[in-house]
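# What the coordinates show
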Amino acid sequence: MKTSALFTPLNIGPLTLKHRVVMAPLTRSRSEQPGDIPGDLMREYYTQRASDGGLIISEATTISPSARGWFGAPGIYTDRQVEGWKKIVDSVHGKGGLMFSQLWHTGRASHVEVTEGPAPVSASVNPSYWQEGERLTSTPHGWVKPSPHRALEISEIRGIVEDYRKAAERAKAAGFDGVELHGANGYLPDQFLQDGSNQRTDAYGGSIANRARFLLEVVQANVSVWGGDRVGVRIAPSGSFNGMSDSNPNALFAYVTEQLNQFGLAYLHVVEPRVKGNIVIAEGQGPVAAEQLRKIFNSKIIAAGGFEPETAEAVVEKGDADAVAFGRLFLSNPDLPERIKLGLALNEYDRNTFYTFDAKGYIDYPFYGDGVSNVKLEQVTTSA
Ligand SMILES: Cc1cc2nc3c(=O)[nH]c(=O)nc-3n(C[C@H](O)[C@H](O)[C@H](O)COP(=O)(O)O)c2cc1C
């Protein structure tokens, strides 16, 4: 296979990537409890996946106690969490790698057992968004339907934007190279963007400009801490994960992308609609979102969702993306960039251990040559 496009260096803001095989943000539920602390297990996992000049985007990381929505996900709002992240980032840097922190507020996709009391919040109340078969919420007592949510008062929004800003500061204190706003996959910023979840009639609802306001305010808060060129934004145009829908996704995400141009961002991270969360729902569909937004966005684009080495090479070669983030394949191949570069066989992933709580299925995927390669582990479960 010809790999020149993926293995050509890339400048992202002030950073230089030596290759374009990015590790996508992957929730793995392995933080230490209580306290959502990134510990030694997580350090081992990320260190395994670090490569010289390679970019890792951290798993979604909660910005405040009320932003929590996934038991086992790490946070970035206490000193102990920052200390934990610092050790991880230091270790990734030790291998020459770069790391961004993905900042997360789950909004309505949560449960009172995880928020420890308060009802989950969203742009509006839409009790029927959650249908049988939609993602369950991970709680200390297993997978359950999300709790009923309430609409944020307009007076509360400033406080949430401030929580993002503080989290961005803590990410800086932890030594990350930048931050990525999780604006995809049906979490709070996405709940404001799409009109299936936003029926507000104030300045944060109604028109596309109003629905984009919250996300843009959060981006501004991140940029105030980091400068634009160390901030990335992840969006999922036409994304339906977590019960999302919009009446005119093309117009909405074109507008959002145009507005993001004002910040001089490091990158826009685009999840293709052929993927719903962690499952491919449109087999054979090409990378349509990257192609469309490339025409609008003025900085780097990272494409994600259903890529394999060959299709990743093709999308970068074509110019619709500057880099490609791999999720499931990076999870199961700690040395993914090396394997792609050399055209080596890949380990398959085991869906059953995506969100379990220990080393199994986490830090035991073999490096090439270290044991069984190309293991077949894929099994389907209904948990997420
Ligand atoms: C186990 C797992 C956890 C994920 N966690 C996150 C997350 O924390 N943040 C996020 O933006 N996307 C998350 N995703 C979505 C991935 O980043 C990616 O978009 C998706 O897996 C599609 O890419 P792939 O086909 O390369 O796996 C997750 C996916 C998987 C499989």
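Residues numbered from 1 in each chain as written. Predicted model: local features only at pLDDT ≥ 70, side-chain atom pairs only at ≥ 80, totals over all residues. Heavy atoms only, no water.

Of all hydrophobic cores here, the largest spans 91 residues; its most connected members are Tyr46, Phe214, Leu260 and Phe326. Of all the elements, helix H6 (residues 208-226) adds the most residues to this core, at ten residues. Grouped together as the second largest cluster of nonpolar side chains are 16 residues, Ile12, Ile57, Ala266 and Ala304 included. (Core = buried A, V, L, I, M, F, W, Y, C linked by side-chain atoms within 4.5 Å. Buried < 20%, exposed > 50% of the residue type's maximum accessible area, 1.4 Å probe, protein only. Helix = DSSP H or I, 4+ residues; strand = E, 2+ residues; numbered from the N terminus.)

What follows is about the site of the ligand. Surveying the vicinity of the ligand reveals 20 residues, the closest of which are Thr27, Arg234, Gly306, Gly327 and Arg328. Here Gly327 contributes a backbone N or O atom positioned 2.8 Å from an oxygen atom of the ligand. In the environment of the ligand, an oxygen atom lies 2.6 Å from a nitrogen or oxygen atom belonging to the side chain of Arg328. In a pocket analysis with a 2 Å cut-off to the grid points, the ligand is assigned to the largest pocket. (Near = heavy atom within 4 Å. Polar contact = N/O pair within 3.5 Å; in protein donor to acceptor, adjacent residues only side chain to side chain. 1 Å grid on protein atoms, 1.4 Å probe; cavity = no way out; pocket = protein on both sides within 12 Å on 5 of 7 lines; lining within 4 Å. Sits in = over half its atoms within 2 Å of the grid points.)

Attention now moves to the packing of aromatic side chains. One pass over the full model with this rule turns up 16 aromatic pairs. When the ring of Phe71 is compared with that of Phe357, the centres are 5.7 Å apart and the planes differ by 55°; the resulting orientation is tilted. Linking Phe71 in the loop between strand E4 (55-62) and helix H2 (79-94) with Phe357 in the segment after helix H11 (336-342), this pair joins segments that are 286 residues apart in sequence. For Phe71, a relative accessible area of 18% gives the class buried. The partly exposed category is assigned to Phe357, whose relative accessible area is 46%. Pairwise contacts between aromatic rings join Trp70, Trp104, Trp143, Tyr187, Tyr349, Phe354 and Tyr355 into one cluster. It is Arg108 that lies over the ring of Tyr129; its NZ or CZ is 3.5 Å from the centre. Positioned above the aromatic ring of Phe307 is the side chain of Arg274, whose terminal nitrogen or guanidinium carbon lies 4.6 Å from the ring centre. (Phe/Tyr/Trp six-rings, centres within 6.5 Å; stacked < 30°, edge-to-face > 60°. Lys NZ or Arg CZ within 6 Å of the ring centre and 35° of its normal.)

On to the pattern of salt bridges. For the structure on display, the rule yields 17 salt bridges. Here Asp195 and Arg211 are joined by a salt bridge, their closest N and O atoms 4.0 Å apart. Of this pair, Asp195 sits in the loop between helix H5 (188-193) and H6 while Arg211 is found in helix H6, placing the two residues 16 residues apart along the sequence. Residue classification places Asp195 among the partly exposed residues on the basis of a relative accessible area of 22%. Residue Arg211 is classed as buried on the basis of its relative accessible area of 5%. One salt bridge connects Asp320 with Lys318, and the closest N-O pair in it is separated by 2.6 Å. Salt bridges here are not isolated pairs; linked through shared partners, they connect Asp36, Arg68 and Glu116. (Salt bridge = Lys/Arg side-chain N within 4 Å of Asp/Glu carboxyl O.)

Moving on: H6. Compared with the 27 Å implied by 1.5 Å per residue over 19 residues, the 27 Å span of H6 between its first and last C-alpha is a close match. Along H6, the sharpest change in direction is near 35° and occurs at Phe214. Just downstream of H6, Gly227 is the residue with a positive phi angle, here 80°. (Expected span 1.5 Å × (residues − 1). Bend = angle between axes of the 7 residues up to and from the residue.)

Turning our eyes to something else, we now look at H2. Between the first and last C-alpha of H2 there are 22 Å, a value that for 16 residues agrees with the 22 Å anticipated at 1.5 Å per step. Regarding H2, the residues found buried are Gln81, Val82, Gly84, Trp85, Ile88, Val89 and Val92. Mapping the buried residues of H2 onto a view down its axis gives an arc of 160°, with all of them on the same face. Along H2, the residues that are exposed and aim more than 90 degrees away from the buried face are Asp79, Arg80 and Gly94. Each element contacted by the buried residues of H2 is listed here: helix H1 (40-49), E4, strand E5 (98-104) and helix H4 (154-173). Two residues or fewer past H2, Gly96 is found with a positive phi of approximately 85°. (Arc of directions from axis to C-beta. Contact = heavy atoms within 4.5 Å.)

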